Amino acid sequence: MDQPAFTAVPLGGTLLFRTRLRRLALTLTALVTAAAALPQAAAADSRDRPDRHPSGGGLSAVIRYTEHGIPHIVARDYASLGFGNGWAQAADQVCVLADGFLTVRGERSRYFGPDAAPDGSLSSATKNLSSDLYFRGVRDAGTVEKLLATPAPAGAGRQVKELMRGWAAGYNAWLKQNRITDPACRNADWVGPVTTLDVARRGFAVSVLGGQGRGIDGITAAQPPGTSLVGAPDAARTAEAAQELFAGNADMGSNAVAFGGGTTANGRGLLIGNPHYPWQGGRRFWQSQQTIPGELNVSGSSLLGTAVVNIGFNDKVAWSHTVATGVTLNLHQLTLDPADPTAYLVDGRPEPMTKRTVSVPVKDGAPVSRTQWWTRYGPVVTSLGPTLPLPWSATTAYTLNDPNATNLRGSDTALAFGKARSTGDMVKALGRTQGLPWVNTIAADSKGHTLFSQSQVLPRITDELAQRCSTPLGKVTYPASGVAVLDGSRGDCALGSDKDAVQPGIFGPSKMPTLKDAPYAENSNDSAWLANADHPLTGYERVFGTVGTPRSLRTRGGIEDVAAMADKGRLTVLDLQKQQFANRAPAGDLAAADTAKACAALPGRSADLAQACDVLAAWDRTMNTGSRGALLFDRFWRGLTARVPTAQLWTVPFSAADPVRTPNTLNTASPGFAQALTAAVAELRTAGIPLDAPLGEHQFVVRNGKRIPVPGGTEGLGVWNKVEPVWNPAGGGYTEVVTGSSHIQTVGWNSGPCPVARTLLTYSQSSNPTSPYYSDQTELFSSERWVRSRFCERDILRSPELRVVWARERR
């Protein structure tokens, strides 16, 4: 293929060459700045016209790369900025991106076979066939086209549409002008050009992850009942399954804290963001700086395939997100027409379901066709995963309502954040765009203000509506999990509308749990209740989350640490960096001493068990790579919590009056205690792992044949620096990390024009093993080192690794 239109080699030669390259970078930036003032007729001609064909248009952007392959993209307008973004993302992640576009086009079965499993990044589908049936259905129905045609504010804004158009063009231009070196898709016939609609469809998939995305297998498998009798779901078991399903997301979480000016050394705000996302696949973050001179200048991370910065900062404000507890779907229980199981009754009148037949091309076989059934409430669904069946019987069926299926505004919210000058601007942006589907927002600004807001697109399930309209199943599931099951046979059970909501059936901004200007605002994926333990948030509907209920160990440990930091005061960015890598294990602080003491008292202890007692007593209660005893306690704790129910784990129960310190005091008298301890010792001995082995020798990832130790610990231990690796004792211990700390940022401001920021992308910028940016930041993560953010021009041009690319289309 053709080479890039212009590429400067990495700096590292003579001083003269570095000086010339910096001058060139300045010249290119000046050209782009001047170009920003040119007429915008070309861009205006294409406004609000989502193309159905690979993009064109002569777009271009200047991309300056600094250390660790972080691109600083400068462009004249939004389409050109999107172009540079798509180009640069393709350069780092072309195979992962191409795989995701197959997903949203419904073409996985065509290339990989119907029974293989997707990577799970864009839906819960367990097989390619069910994924394709769902996304082909979205495509056939023109769902995303309709959303793109919806005027703002209910639909996406013009600038976001231009970004998407440009992103597709940039991705296509990179494919045309470069050779793919990543072995994951080198010479693959499934990599090809994309359209604006493909980019928008990817955004749609992300938006519905918490709603329709959870039920794809159940949506695509739903078929009218035959002659066999199907029983109703067990209410108690369904409520328990729903509680487990919506208590947290297995592969996503996060911590974030904003500190107010009263707690900092200079009276300005501070923010630390530590999202926990998958380390592989299409839900990875990717770093960049995006600049349109005089219009936008923002740095941070984007979910792959996204044309905006999702988590980041500018010269005045910084923000991060945490996965929220709001339940982004609800169910309607249908009463079926006795004469036709594909018709349902509303106020006594039958209403036919809409039949959608979807056909999927299949590798080495004939196309597979299936019928999906839709109603006024959404699609019929027969399960939300294997543990939550919702059988379609002759009398009853269940439908899934997902308000984010009509929300394509998430990028508008992110773009507005990038332009914000204060936390007050961010509150306005949340109210104006109403685009975030499943996250909280935590922010700080240079004036010392803080913000926590659970501004989500949620079904408008008030407690009053749930009380009045829940079916018997819903009366159990709603209090337990926030999943409402409403009586679909009653017209008066419709969700209704808030006057300040941009779409029907959702809550307006005035109903969102929000905390402004607290000394600290913290969230670790529990509900909004304890965003600040001294100023609890209450009064919100159950669908947002709980009040007065036990918090996770990660929340408890996080609040303890953050409150102590705020009380200490005089905080700087360095304090936030230390917090990220404190690697304290709250479970160890609560239980390790009691475990060691009870271990020593066990009758008839073996020599191995006696050594285990000493190792646990000497453990420093951290999950640093050099910590001895951390691995033993980790394996013991996993076994103990699997054997002993939470209610029996502690002798001092939870108290809503003391939610951070309770429950406590380990119940060592439980039969599961000795069993878990003995099993953990035997497990390590069988694997040939010393009981006092340093954690990093057996918690690692392998990159190009090199073992890289990984610090941090699992959710169950409550470690802030969360990592969830795969236990493979035959392979040496914990190998690979499935999910955990991802794009970490610590941000503050001083009296100068540039933010003070340190970042770290734990799994590195590129998924291509031949790239120099495949594992460089992973090694930094291992040694607990940071990347100095280069935000201002002077810092970018001083980079010792400055490399400039002028990316442009060739007609």
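In what follows, the structure referred to is the one given above.
Residues numbered from 1 in each chain as written. Predicted model: local features only at pLDDT ≥ 70, side-chain atom pairs only at ≥ 80, totals over all residues. Heavy atoms only, no water.

Trainee: Quick question: what am I supposed to make of the nonpolar core here?
Mentor: A general trend in soluble globular proteins is that nonpolar side chains are found buried together. Core analysis: the biggest nonpolar cluster contains 171 residues, and Val94, Tyr171, Val191, Phe204, Phe259 and Ile461 have the highest contact counts within it. The biggest single contributor to this core is helix H3 (residues 78-105), with 15 residues. What Ile461 contacts, discounting residues up to four positions off in sequence, is Asn330, Ala466, Tyr478, Ala484, Leu486, Leu495, Phe507, Glu541 and Val543. In terms of nonpolar packing, the next biggest core, distinct from the first, is built from 41 residues, Leu553, Ala585, Leu616 and Val719 among them. (Core = buried A, V, L, I, M, F, W, Y, C linked by side-chain atoms within 4.5 Å. Buried < 20%, exposed > 50% of the residue type's maximum accessible area, 1.4 Å probe, protein only. Helix = DSSP H or I, 4+ residues; strand = E, 2+ residues; numbered from the N terminus. Contact = heavy atoms within 4.5 Å.)

Trainee: Looking at this structure, how should I read H3?
Mentor: Because each turn of an α-helix spans 3.6 residues, side chains separated by three or four positions in sequence point in the same direction. The terminal C-alpha atoms of H3, which comprises 28 residues, lie only 25 Å apart, well short of the 40 Å expected from a rise of 1.5 Å per residue. Gln93 marks the point of greatest bend in H3, at about 100 degrees. Across the 28 residues that make up H3, a large majority, 27, are buried. Its side-chain oxygen 3.4 Å from the backbone nitrogen of Ala79, Asp77 forms the N-cap of H3. Within two residues after H3, Gly106 carries a phi angle of roughly 70 degrees, on the positive side. (Expected span 1.5 Å × (residues − 1). Bend = angle between axes of the 7 residues up to and from the residue. Polar contact = N/O pair within 3.5 Å; in protein donor to acceptor, adjacent residues only side chain to side chain.)

Trainee: Which parts of the structure should I look at to understand helix H19 (residues 630-643)?
Mentor: Compared with an ideal rise of 1.5 Å per residue, which puts 14 residues at 20 Å, H19 spans 20 Å between its outermost C-alpha atoms and is within 8% of the ideal. Of all the 14 residues making up H19, 10 are buried; the element is thus mostly covered by neighbouring parts of the structure. Buried within H19 are the following residues: Ala630, Leu631, Leu632, Phe633, Asp634, Arg635, Phe636, Trp637, Gly639 and Leu640.

Trainee: In this structure, what is going on with the side chain of Thr342? I would like to understand it.
Mentor: Turning to its location among the elements, Thr342 is positioned in strand S10 (residues 340-346). Owing to a relative accessible area of 16%, Thr342 belongs among the buried residues under this scheme. At a separation of 2.7 Å, a polar atom in the side chain of Thr342 contacts the side chain of Asp340. What Thr342 contacts, discounting residues up to four positions off in sequence, is Pro224, Pro352, Met353, Trp373 and Trp392.

Trainee: Which parts of the structure should I look at to understand the sheet that holds strand S12 (residues 354-362)?
Mentor: Two modes of strand pairing occur in sheets, parallel and antiparallel, and in both the strands are linked by backbone hydrogen bonds. Spatial strand order, S12-S13-S14: three strands in an open sheet with antiparallel pairing. Looking along the sheet, the strands with just one partner apiece sit at the ends: S12 and strand S14 (378-379). One ladder, built from two bridges, connects strand S13 (residues 365-375) with S14; its direction is antiparallel. Residue pairing for S14: Thr375 is matched across the bridge by Gly378. Here helix H5 (residues 128-140) sits on the sheet and contacts S12 and S13; the angle it forms with S12, its principal contact strand, is near 125 degrees. (Pairing = 2+ DSSP bridges. Axes fitted to C-alpha atoms, helices over the stretch in contact; angles between N-to-C directions.)

Trainee: Mind showing me how you'd approach the packing of helix H11 (residues 410-419) against helix H12 (residues 423-433) here?
Mentor: Describing two packed helices takes the angle between their axes plus the distance from one axis to the other. One can describe the packing of H11 onto H12 by two numbers: an axis separation of 9 Å at closest approach and a directional angle of 160 degrees. Here H11 lies roughly antiparallel to H12, going by the angle between them. The chirality of how H11 crosses H12 is right-handed. Mapping the contact onto sequence places Asp412, Thr413, Ala416 and Phe417 in H11 and Met426, Ala429, Leu430, Arg432 and Thr433 in H12. In the contact of H11 with H12, the residues fall into five nonpolar, two polar and two charged. (Parallel < 35°, antiparallel > 145°, perpendicular 65-115°, else oblique. Left-handed = near helix turned anticlockwise from the far one by under 90°. Nonpolar A, V, L, I, M, F, W, Y, C, P; charged D, E, K, R; others polar.)

Trainee: Just checking my understanding: could you explain the pairing of strand S8 (residues 317-323) for this structure?
Mentor: Of all the seven residues making up S8, seven are buried; the element is thus mostly covered by neighbouring parts of the structure. Alternating residues of S8 divide into Val317, Trp319, His321 and Val323 and Ala318, Ser320 and Thr322, and every residue in both groups is buried. Here strand S7 (residues 311-313) pairs with S8 via two bridges, running antiparallel. From the neighbouring strand, Phe313 faces S8, where its bridge partner is Ala318.

Trainee: In this structure, what is going on with the pattern of salt bridges? I would like to understand it.
Mentor: Oppositely charged side chains are able to pair whenever their charged atoms sit close together. This structure, assessed with the given rule, holds 33 salt bridges. Close ionic contact of Glu295 with Lys419 constitutes a salt bridge, the shortest N to O distance being 3.4 Å. On the criterion of sequence distance, the pair formed by Glu295 in the loop between strand S5 (285-292) and strand S6 (296-303) and Lys419 in helix H11 is long-range, its members being 124 residues apart. Judged by its relative accessible area of 28%, Lys419 is partly exposed. In this structure, Asp498 engages Lys511 in a salt bridge whose closest nitrogen and oxygen atoms are separated by 3.5 Å. One end of the pair, Asp498, is in the loop between strand S18 (485-487) and strand S19 (514-516); the other, Lys511, is in the loop between S18 and S19, and 13 residues separate them in sequence. Judged by relative accessible area, which is 9%, Asp498 ranks as buried. Since its relative accessible area comes to 39%, Lys511 is described here as partly exposed. Because the salt bridges share partners, they merge into one network encompassing Arg105, Glu145, Asp198 and Arg201. (Salt bridge = Lys/Arg side-chain N within 4 Å of Asp/Glu carboxyl O.)

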